[in-house]
Amino acid sequence: MSLNPRLVKESFSVVEPVADKAAAYFYGRLFAESPHLRGMFPPAMDLQRDRLFGALTRIVWSLDSPDSLASFLGQLGRDHRKYGVIAEHYTAVGNALLATIRRFAADIWNEEIEAAWVAAYTAAANLMIGSAESDSGVSPAWWLAEVVGHEPRTRDIAVLTLRPTQRLPFTAGQYINVQVARWPRVWRTFSIANAPRVDNTITLHVRAVPCGWVSTSLVRDTRVGDTIMLGPPMGTMTPVERSARDVLCVAGGTGLAPLKAIVEHLIASGRRPDIHLLFGARTADDLYDLPDLIRMESSFPWLRVLPVVSEQPSYDGMRGHLPEVTQRFHSWTEHEVYVCGPPVMVNETVRRLQADGVPLSRIHRDIVQSER
């Protein structure tokens, strides 16, 4: 049974406009047919439904890019170990998914489209199962980590330093899922804000957002000495190795975290690219990590940190919104570009950079759904 990306994409495009209804139907079908699986999911399913369609969208539109797809599915398979997912669960999920696509693409559904979906899901599930099985003999399904530092930076932002009880291998720019004791089975995504360290500690930049169960708990309730759970590192927005290009980093809010890790990695690599780091926030008080960035800048002459404020007319510095600010400088067409922050900002920044001639292949971003 061979893959047919065209048929999968065409039928999925019919479902995308009703993603919310389709996701609700999928989980309703899954739990009706396999009620024992409900306990593996959080009490509130809103974000879970968004994550489902986010991952499915990425898989569908990556079917023509087998290397990128295999990397993503491998990470996803390893990450799902923390939920207790085993090979048998993929059959139930596949049945519910096929029923969902069949229902919401009923006007165009036929045997050929069904065969295309079966082939695509089978291939994806096999990759995820194989990755999880390979990983099971090498790494734990999750890591316990002690909170060894908790520094409030603003009313809503804290910088946490964690020490995993086992070595946590990761690459600068990646993110992890976090679970706190107060909210079992609720995992939220946060970027690691440092390059790998000898002492195995990691730093997270966390903003407490409205209705953010995990983020609020991390910022306001977590103390030094507490223990939290970490999922395996994920993400593809990592430094391009052996590149001689200069670098532009565009960070909005706590989207600074992975970009700071990438800058740390570049500094430690011994290379000497010119690095421009645009760090944007609404007000000067929200530039929560600026003192540390200035220290980095003073020790690495090739780094230029440019703070940007968007909603404080009295600010004595660069003002504006990050997507527009990127266009005030010389061309970035020969740079490697890394962008992270609120989705609207990221999308508009990418759009403007492309319009200015930066090839999409040199613009790096991660599709991360978090409480950032």
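Further up the page is the structure itself.
In this report, we go over the structure that sits alongside the text. Everything numeric in this text was worked out from a predicted model, so none of it was measured. (Residues numbered from 1 in each chain as written. Predicted model: local features only at pLDDT ≥ 70, side-chain atom pairs only at ≥ 80, totals over all residues. Heavy atoms only, no water.)

A short note on unusual backbone geometry
Only a minority of non-glycine residues have a phi that is not negative, and only a minority of peptide bonds are not trans. One non-glycine residue, Arg-185, adopts positive backbone phi at about 70°. Mapped onto the elements, Arg-185 comes out in the loop between β3 (175–179) and β4 (188–191). Note on Arg-185: relative accessible area 36%, which makes it partly exposed. Even without being glycine, Arg-242 reaches a positive phi, approximately 60°. On the accessibility criterion, Arg-242 (80% relative accessible area) is exposed. (Helix = DSSP H or I, 4+ residues; strand = E, 2+ residues; numbered from the N terminus. Buried < 20%, exposed > 50% of the residue type's maximum accessible area, 1.4 Å probe, protein only.)

Let's talk about the packing of aromatic side chains
Evaluated as defined, the whole model comprises twelve aromatic pairs. Summarising the aromatic geometry, the rings of Tyr-27 and Phe-41 are spaced 5.5 Å apart at their centres and angled 75° between planes, so their arrangement reads as edge-to-face. In this pair, Tyr-27 sits in helix α2 (residues 19–33) while Phe-41 sits in the loop between α2 and α3 (46–61), placing the two residues 14 residues apart along the sequence. The two residues Tyr-27 and Phe-41 agree in class, both being buried. Here Phe-329 and Trp-332 contribute two aromatic rings whose centre-to-centre distance is 5.8 Å and whose plane-to-plane angle is 50°, an arrangement assigned as tilted. (Phe/Tyr/Trp six-rings, centres within 6.5 Å; stacked < 30°, edge-to-face > 60°.)

Re the sheet that holds β4
Spatially, the six strands line up as an open sheet ordered β4-β3-β6-β1-β2-β5, and their pairing is antiparallel. Of all the strands in the sheet, the pair left with one neighbour each is β4 and β5 (202–207). Here the strands of the sheet are splayed against their neighbours by 45° on average, with no regard to which way each runs. Bridge count for strand β1 (residues 143–152) against strand β6 (residues 227–230) is four bridges, and the pairing is antiparallel. Bridging from a neighbouring strand, Trp-143 pairs with Leu-230 of β6. (Pairing = 2+ DSSP bridges. Axes fitted to C-alpha atoms, helices over the stretch in contact; angles between N-to-C directions.)

Side note on helix α8 (residues 256–268)
The end-to-end C-alpha separation of α8 is 18 Å, in line with the 18 Å expected for 13 residues at 1.5 Å each. Of all the positions in α8, only Leu-256, Ala-257, Pro-258, Leu-259, Lys-260, Ala-261, Ile-262, Val-263 and Leu-266 are classed as buried. Looking one or two places after α8, you find Gly-270, whose phi comes out positive at around 90°. (Expected span 1.5 Å × (residues − 1).)

Let's talk about the packing of α2 against helix α5 (residues 89–104)
Their axes nearest at 9 Å, the elements α2 and α5 cross at an angle of 140°. One way to sum up the angle between α2 and α5 is to call them oblique. At the point where α2 passes α5, the crossing takes the right-handed sense. Across the interface between the two elements, Lys-21, Ala-22, Tyr-25, Phe-26, Arg-29, Leu-30 and Glu-33 from α2 touch Ala-92, Val-93, Asn-95, Ala-96, Leu-97, Ala-99, Thr-100, Arg-103 and Phe-104 from α5. When its residues are assigned to classes, the contact of α2 with α5 shows ten nonpolar, two polar and four charged. (Parallel < 35°, antiparallel > 145°, perpendicular 65-115°, else oblique. Left-handed = near helix turned anticlockwise from the far one by under 90°. Contact = heavy atoms within 4.5 Å. Nonpolar A, V, L, I, M, F, W, Y, C, P; charged D, E, K, R; others polar.)

A closer look at the environment of Tyr-338
Tracing the backbone shows Tyr-338 in strand β11 (residues 336–340). Judged by relative accessible area, Tyr-338 falls into the buried class, the value being 2%. Along the chain, Tyr-338 and Ala-251 lie 87 residues apart, while their C-alpha atoms are 8.3 Å from each other. With near-sequence residues (within four places) excluded, Tyr-338 lies in contact with Met-237, Thr-238, Pro-239, Val-240, Val-247, Leu-248, Cys-249, Val-250, Leu-259, Ile-262 and His-364. Reaching out from Tyr-338, the side chain makes a polar contact with the backbone nitrogen of Val-240 at a distance of 3.0 Å. (Polar contact = N/O pair within 3.5 Å; in protein donor to acceptor, adjacent residues only side chain to side chain.)

Overview of the nonpolar core
Among the nonpolar cores identified, the biggest contains 44 residues, and Tyr-27, Leu-30, Phe-53 and Trp-117 are the most heavily contacted of them. Taken together, the elements giving at least two residues each to this core come down to α1 (5–15), α2, α3, α4 (66–79), α5 and α6 (111–136). Per-element tally for this core: the top contributor is α6, with eight residues. Excluding residues that lie within four positions of it along the chain, Leu-30 makes contacts with Leu-37, Phe-41, Ala-92, Val-93 and Ala-96. Among the nonpolar cores identified, the runner-up in size contains 27 residues, and Leu-266, Met-296, Phe-300 and Val-309 belong to it. (Core = buried A, V, L, I, M, F, W, Y, C linked by side-chain atoms within 4.5 Å.)

Considering the sheet that holds strand β8 (residues 275–281)
Read across the sheet, six strands follow the order β10-β9-β8-β7-β11-β12 without closing on themselves; strand pairing throughout is parallel. The open sheet has two edge strands, β10 (318–319) and β12 (363–364), and neither has a second partner. Here two bridges tie β11 to β12, and the two strands are oriented parallel to one another. If you follow Val-337 over to β12, its bridge partner there is Ile-363. Running over the sheet, helix α9 (residues 290–299) touches β8 and β9 (303–309) and is turned about 155° from β9. Those strands touched by helix α11 (residues 343–355) are β7 (247–252), β11 and β12, and its axis lies near 155° from that of β11.

That is the geometry; function is a separate question.
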